[in-house]
Amino acid sequence: MKIVILYGTETGNAEMLAEDIGDALDADHEVTCTNLSDFPVGEFDAETLYLVVCSTYGDGELPASAQPFAEVLKAGATSLAGVHFAIFGLGDSEYEETFNFGSKRLAELLTQHGAVQLGERATHDASGVDLAEDLALPWATEAVALAESRFGKAA
Amino acid sequence: MTHKIAIVGAGPSGCYLAQALLKARADLGVDLIDVLPVPYGLVRYGVAADHQGSKAVTRQFARIFERQGARFFGNVHVGRDVTRDELRSAYDVVVFATGLAADRRLGIANDAAPGVVGAGAITRALNGHPDAGPLPDLGARPLIVGNGNVAVDIVRLLGKLPDELTGSDLGPEQTRWLAESGIEAITVLGRSPAAQAKFDPVMIKELGKLAGVAITVDNAGTADDEHGQKLLDALAAIDGDGTAARTIRFVFSHVPLAVETQGGRVTGLRCRTVQGDEIVVGCTSIVTAIGFEDIGDLPRADILAQADSAAPVYAAGWFRRGPRGTIPDNRADAQVLAADILADLDGVSAGPERPGGTLFEGPRDVVDYPGWLRIERRELAGADAARCRVKICDRAAMIEAACHAEETSS
């Protein structure tokens, strides 16, 4: 399957996680890993699974590298109909009111433009005990399985 | 031959630079050199003990050493153990990323009186920095001067109840100091109007969660831009928060004029208000959180001049830009600098093999990355339900932990 991992990052933690997910999926799939800041919204296609990894920064805001992408989506009438994505968020429950709002905002934005979200949004808590990759790798495997049944073909 | 790059300072700027360099050119020989036996600088000693989420960037930095091939040379004091000239001849490129650790002084009468302490000095002591002095007696009514996140960190830690420090890596001595502080009232005073304060709104909002304080915000005024309005909203959200006996009060638009003392002790800060009146804000101590400057350990002006010249010397992070910008700002900055360094190296042959890290061989106790991991394992072994780590705060004990393999447990 064609998989594009898109990450929105501020400190680099989401980028590192995106690369880990890419390494884990690389053997069985055609994987690329791209910063949202380098991904034109016109490049989405219906044959690809998009795995989105996005942190939260400041007061529940999108991280810096996701902001230009979000601005373009907000400004235009881009249709993401037929696009499938799953999303994983990074956040810190020290800031409980806005915990993982970055990934929440981004998921909303993608679905508002017609993209289909596969599975529940998964989240990591920097103040929790789990390592991000221990949650994200099973999430990615699950998302790939959902996409395979949705796309009606294996790998 | 591959190029050898020395980065002086293994804090966030140095680590992000090494990360960006090695991501672009995995063959480079990158060595991070630190005056301390442990890496990560400000992340370990500046980021507050109760902000462990912010310290999680060290997982990225660990990979620089574990997967990207960078080496750590800790407990090496450039300028004393090795000279800058020796470093320059041992490496193709030298980068200074030593930060700015000295507290800027108020620059008013009596600003060095006993009872006037720097926020950086307190932060280092709270974070168990091996060279930090003892934690000071702040008395019952400390006054914090400054409107940035460093000031908020101090207020938050001073205002927290012991339970609210669960999960931090605050040490036992520091925990006792906070618990026994006897603080009744904290004043946070800024020279500018509230809307121009440098606080992050999210840091202000976080104060609203403290159970052991009652917060008031005086004369916050109005804002004429979006950031200012967000800040005023955050301040309004915590104004009147809590009913505890211990108070936190924010005061804005007060220009410090002189430190008032009696019998050699601080009794207040003379200020000019926005109306032009002179008043004295009473206090038992003054914590200055008005920015940082060079500690003067390395000749910064000379180094910055070299960095501007054609010499293969560069400066990064706060040491280059001054004390502004967050950890992610320094990541972005490091990525730009890495591109500059790589462009300068492009097409330049590394020439004869340079000695690189062999420069540090000899009788002194250099702590390498495996040595740091031994220190860290010992620190993590002390963790319990209340603390995620028990830092080793003494330099000799760090070196001992680094250089001696731990007893194998039975």
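Residues numbered from 1 in each chain as written. Chains lettered and ligands numbered in written order. Predicted model: local features only at pLDDT ≥ 70, side-chain atom pairs only at ≥ 80, totals over all residues. Heavy atoms only, no water.

*Asks:* Which parts of the structure should I look at to understand the packing of aromatic side chains?
*Replies:* The geometry of an aromatic ring pair comes down to the distance between the two centres and the angle between the two planes. Residue and element names in this part refer to chain A. Scanning the entire structure with this criterion turns up 15 aromatic pairs over all chains. Residues Phe44 and Phe69 carry aromatic rings whose centres are separated by 6.1 Å and whose planes lie at 65 degrees to one another, so their mutual orientation is edge-to-face. You can see Phe44 sitting in the loop between strand E2 (30-35) and strand E3 (48-54) and its partner Phe69 sitting in helix H2 (residues 67-75), a full 25 residues away along the chain. Grouping residues by exposure puts Phe44 and Phe69 together as buried. (Phe/Tyr/Trp six-rings, centres within 6.5 Å; stacked < 30°, edge-to-face > 60°. Helix = DSSP H or I, 4+ residues; strand = E, 2+ residues; numbered from the N terminus. Buried < 20%, exposed > 50% of the residue type's maximum accessible area, 1.4 Å probe, protein only.)

*Asks:* Can you help me understand empty space enclosed by the protein in this one?
*Replies:* The probe, sized like a water molecule, is rolled over the atoms to show the empty space still left. Residues and elements named next belong to chain B. In the structure shown here, the tally under the stated rule is 1 cavity of 30 Å³ or more. Considering only enclosed or pocket space, the largest cavity measures out at about 50 Å³ in volume. Looking at the largest cavity, the residues that line it are Ala48, Ala49, Thr123, Leu126, Asn127, Asp153, Ile154 and Leu157. Taken together, the elements giving at least two residues each to the lining of the largest cavity come down to helix H6 (119-126) and helix H7 (149-159). In terms of residue count, H7 provides more of the lining of the largest cavity than any other element does, 3 residues in total. Its residues assigned to classes, the lining of the largest cavity comprises 5 nonpolar, 2 polar and 1 charged. (1 Å grid on protein atoms, 1.4 Å probe; cavity = no way out; pocket = protein on both sides within 12 Å on 5 of 7 lines; lining within 4 Å. Points joined across faces, edges and corners; volume = space filled by probe spheres on them. Nonpolar A, V, L, I, M, F, W, Y, C, P; charged D, E, K, R; others polar.)

*Asks:* Even after reading the chapter, I still don't get the packing of helix H14 (residues 369-381) of chain B against helix H15 (residues 395-403) of chain B, so can you show me in this structure?
*Replies:* Packed helices, taken two at a time, are described by the angle between their axes plus the distance between the axes. Residue and element names in this part refer to chain B. Orientation of H14 relative to H15, taken along the N-to-C sense of each, is 110 degrees, at an axis distance of 7 Å. The angle between the axes of H14 and H15 places the two elements in the roughly perpendicular class. Residues Gly371, Arg374, Ile375 and Arg378 of H14 form the contact with H15, whose participating residues are Met398, Glu400, Ala401 and Ala402. (Axes fitted to C-alpha atoms, helices over the stretch in contact; angles between N-to-C directions. Parallel < 35°, antiparallel > 145°, perpendicular 65-115°, else oblique. Contact = heavy atoms within 4.5 Å.)

*Asks:* How should the interface of chain A and chain B be read in this particular structure?
*Replies:* Listed as interface residues are 21 residues of chain A and, on the opposing side, 19 residues of chain B. Where chain A abuts chain B, roughly 1,800 Å² becomes buried across the two surfaces, and 41% of that area is made up of carbon and sulfur atoms. When the buried area of chain A at its contact with chain B is split by residue, Met16(A), Glu94(A) and Tyr95(A) rank highest and sum to 30% of it. Put simply, chain A and chain B have 9 salt bridges between them. Ionic pairing is found between Glu133(A) and Arg59(B), a salt bridge with its closest N-O pair at 2.5 Å. Across the contact surface, chain A and chain B share 13 residue pairs in polar contact (both at pLDDT 80 or more). Contributing elements (two or more residues each) for the side of chain A that touches chain B: helix H1 (13-25) and helix H4 (132-151) of chain A. Across the side of chain A that touches chain B, the residue classes break down as 6 nonpolar, 5 polar and 10 charged. (Buried area = accessible area lost by both parts, 1.4 Å probe. Salt bridge = Lys/Arg side-chain N within 4 Å of Asp/Glu carboxyl O. Polar contact = N/O pair within 3.5 Å; in protein donor to acceptor, adjacent residues only side chain to side chain.)

*Asks:* Got a minute to help me understand the sheet that holds strand E3 (residues 71-74) of chain B in this structure?
*Replies:* Across a sheet, strands are paired by hydrogen bonds formed along the backbone, either parallel or antiparallel in direction. Residue and element names in this part refer to chain B. Taken together, 5 strands build an open sheet; the order of strands is E3-E2-E1-E4-E16 and the sheet is parallel. Both edges of this open sheet fall to E3 and strand E16 (313-315), since each of them pairs with a single strand only. Neighbour-to-neighbour, the strand axes of the sheet open up by a mean angle of 20 degrees, direction not taken into account. Taken together, the 5 bridges between strand E1 (residues 4-8) and strand E2 (residues 29-34) define a ladder with parallel strand orientation. (Pairing = 2+ DSSP bridges.)

*Asks:* When you look at the sheet that holds strand E6 (residues 116-118) of chain B in this model, what are you seeing that I'm missing?
*Replies:* Residues and elements named next belong to chain B. Spatial ordering of the open sheet is given by E6-E14-E7-E8-E10-E9, a layout of 6 strands whose pairing is parallel. Here the strands that pair on one side only, and so sit at the sheet edges, are E6 and strand E9 (214-217). Averaged over all adjacent pairs, the angle separating strand axes in this sheet is 20 degrees, with direction ignored. Pairing of strand E7 (residues 142-145) with strand E14 (residues 285-288) involves 4 bridges; the strand directions are parallel. Bridge pairing in E14 links Pro142 to Ser285.

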